[in-house]
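# Secondary and tertiary structure notes
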Number of protein chains: 2
Amino acid sequence: MSEMRSLLRVCSDRPVDLADIDPRSTPGLPNKKVTGADTKLWARGEVDRIGDELATQQEMLFAQATVDPRLGRSVLLVLQAMDCGGKDGAVKRVAGAMNPLGLHIKAFGPPTEEERRHDFLWRIRKALPPVGYVGVFNRSHYEDVLVVRVNELVPEDVWRPRYQEINDFERQLVDAGTTVLKVMLHISRDEQRERLTARLDDPTKHWKFNPDDLDSRARWDDYQAAYAEALTRCDSDQAPWYVIPADRKWYRDWALAHLVRETFADLKLNYPEPDYDLAAQRRRLEADG
Amino acid sequence: MSEMRSLLRVCSDRPVDLADIDPRSTPGLPNKKVTGADTKLWARGEVDRIGDELATQQEMLFAQATVDPRLGRSVLLVLQAMDCGGKDGAVKRVAGAMNPLGLHIKAFGPPTEEERRHDFLWRIRKALPPVGYVGVFNRSHYEDVLVVRVNELVPEDVWRPRYQEINDFERQLVDAGTTVLKVMLHISRDEQRERLTARLDDPTKHWKFNPDDLDSRARWDDYQAAYAEALTRCDSDQAPWYVIPADRKWYRDWALAHLVRETFADLKLNYPEPDYDLAAQRRRLEADG
């Protein structure tokens, strides 16, 4: 299969236009799998299978940092999406395959009073995954050029320089040993309506609905434009942006699992050599009865 | 099935003696399940099934705190065990069934330089789960009356008052809306030898072995005595201690899943009522095309 990363990477040579990406498309899906009635089942099985691989990779990442923190690395998955884009579900299915002991998950809501008294990256830096961990940001510093821009929470001469500040910040992260994987889950306006309706119709989902979501929905085009500019300006080889068509949940999880797997593969992880004398420890254990 | 909590709760009316609890026993396991060749498979299936229930309970806990943080509650699972007792595996299997977004997991190692400059509960308080979250402590403040006592890291007149300080601390936690579930995974000295041997024999487990583990093993009886006193002095109806016989991993996970399920059941969780006008929001959504 062709590398999912090359299929899903945004092309930032020219301005990104999200209208060019069909949220119902399924790039990279093997032929004959697109339409079959059992495609969903097949994809879920694949996510389970890849999930086991991810769990092993995560354990190796953790193990290396345990044996020698100076050589340890970390991985940061940044997830962004419009409301109902499926961030929570994707985290549950893909990150949920790993041992929660090695996950470092942070959901960012509106900044608190204290956070507002600091620069916009302050709370982000505090939430970075330690060496050996897989961090997941459910929303992120990108909100500071998305909701902040669309709702004019700060003037343009404050938010516009943030693209560069974000790029600088992410370069520091990468230089310090963190692999950064940024993913936008891309849904259509129609799919969002369906999911919002489901939240209003299903009593187990009422809590997920927030009337503010309809305000954001009313500004759909502004958000898409803000996303497009963020993807264009903050995509780079060291901290690339990927867009996953996300109207089909099973495809979303399948594609994300692949992206994470390919990201781990680059790290060429192994279980570390012991930093103690194996034979001596064996003798000691055998001697103690 | 009889309640697992009543079967596994320590009896602190008289001093606890861990020698009275067989680490290979399987309290509460349905008849005919103890010896069957497929018992392990059956238990794993049960853990999966209960895991789905736990995921729903966790979501309701999270949902309530989202809608009204003042009414929200949290759950804190405190896990203690000798080395190789299975804490990591239990977290992976049982907490791993829940959405990692709602988990707040903290593993406590030796205190850092900074942590040592504060009272022993300082780092513990900082790691408590927020309202709506399920917290898991992999080791905990109990280390301050376990390893600290056995290795005489502080004099007795410092560690001995800690039982009372822990009880006071946990009462405050419970009063503030946290349900505290304390579990010791109880393995035998023989089982520990087997697991340590496996760590030395299997290259994918070398990193889990720490020569210090053999020092602790050499003081097995002192540790068992320190555990027994902690269980005796810090068991209470509001923050009870449970001991899970843990030589059999499948039983360990099965029993822990039941304990967590029963703990959730007491909270009588439900999906919260919406705090907005459903009909009005439906009209608004329908109007927007």
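As a reminder, the structure under discussion sits directly above these lines.
Per chain, residue numbering runs from 1 following the sequence as it is written. Each chain takes a letter, starting from A, and each ligand takes a number, starting from 1, following the order in which they are written. Given that the model is predicted, a residue must reach a pLDDT of at least 70 before its local features are reported, and side-chain atom pairs must reach 80 or more before they are shown or counted; all residues, however, enter totals for whole chains, interfaces and linings. Side-chain measures were taken over the full set of non-hydrogen atoms in the model, leaving aside hydrogen atoms and water.

## Here's the deal with the overall build of chain A
- Helix and strand content of chain A: 13 helices and five strands.
- Over its C-alpha trace chain A gives a radius of gyration of 21 Å, about what one expects of a compact globule, namely 19 Å for 289 residues.
- If you line up chain A on its principal axes, its C-alpha atoms span 70 × 50 × 45 Å.
- Two residues qualify as a contact provided that any one of their heavy atoms is within 4.5 Å of a heavy atom in the partner residue. Long-range pairs, those at least 24 residues apart, make up 81% of the contacts in chain A between residues at least 6 apart in sequence. Per the convention used, a helix needs a DSSP run of H or I reaching at least four residues, while a strand needs a run of E reaching at least two, with both numbered from the N terminus. Atoms considered for the radius of gyration are the C-alpha atoms alone. The globule rule reads 2.2 Å times the number of residues to the power 0.38.

## Side note on the state of the cysteines
- Disulfide: a pair of cysteine sulfur atoms within 2.5 Å of each other. One pass over the structure, following the stated rule, counts zero disulfides over all chains.
- Among the cysteines around A:Cys11, which has no disulfide bond, A:Cys234 carries the closest sulfur, lying 16 Å off.

## Details of unusual backbone geometry
Residue and element names in this part refer to chain B.
- Despite not being glycine, Glu152 has its phi angle at roughly 50 degrees, a positive value.
- With respect to the helices, strands and loops of the structure, Glu152 is situated in the loop between helix 6 (147-150) and helix 7 (156-159).
- Buried residues are those whose accessible area, probed at 1.4 Å on protein chains only, stays under 20% of the maximum for their type, while exposed residues exceed 50% and partly exposed ones sit between those limits. We classify Glu152 as exposed; its relative accessible area is 64%.
- Despite not being glycine, Lys268 has its phi angle at roughly 45 degrees, a positive value.
- Here Lys268 shows up in the loop between helix 12 (249-267) and helix 13 (278-287).

## Overview of the nonpolar core
- Here, the term nonpolar core denotes a set of buried Ala, Val, Leu, Ile, Met, Phe, Trp, Tyr and Cys residues that are joined through side-chain atoms within 4.5 Å. Membership of the largest hydrophobic core comes to 83 residues, with the highest contact counts inside it found for B:Tyr142, B:Val183, B:Ile244, B:Tyr251 and B:Phe264.
- For this core, the element with the most residues is helix 12 of chain B, which contributes ten residues.
- If we ignore the near neighbours within four places in the chain, the residues touching B:Tyr251 are B:Met4, B:Leu8, B:Ser25, B:Thr26, B:Pro27, B:Leu29, B:Ile244 and B:Pro245.
- One finds A:Met60, A:Val94, A:Cys234 and B:Tyr276 within the second-largest nonpolar core, a separate group that totals 81 residues.

## So, the packing of aromatic side chains
- Pairing of aromatic rings covers Phe, Tyr and Trp, the last counted by its six-membered ring, and requires centre-to-centre distances within 6.5 Å; plane angles under 30 degrees mean stacked, over 60 mean edge-to-face, and any other angle means tilted. Within this structure, the stated rule accounts for 18 aromatic pairs over all chains.
- Between the aromatic rings of A:Tyr276 and B:Phe209, the centroid separation amounts to 5.0 Å while the plane-to-plane angle is 55 degrees, which identifies the pairing as tilted. One end of the pair, A:Tyr276, is in the loop between helix 12 (249-267) and helix 13 (278-287); the other, B:Phe209, is in the loop between helix 9 (189-201) and helix 10 (212-218), on a second chain. Taken as a pair, A:Tyr276 and B:Phe209 share a single burial class, namely buried.
- Following the ring pairs from residue to residue traces out a cluster consisting of A:Trp42, A:Trp250, A:Tyr251 and A:Trp254.
- Between B:Lys106 and the ring centre of B:Phe108, over which it is positioned, the NZ or CZ distance is 5.7 Å.
- We note B:Arg233 situated over the ring of B:Tyr163; from NZ or CZ to the ring centre the distance is 5.7 Å. Here, a charge over a ring means that NZ of Lys or CZ of Arg falls within 6 Å of the ring centre while also lying within 35 degrees of the ring normal.

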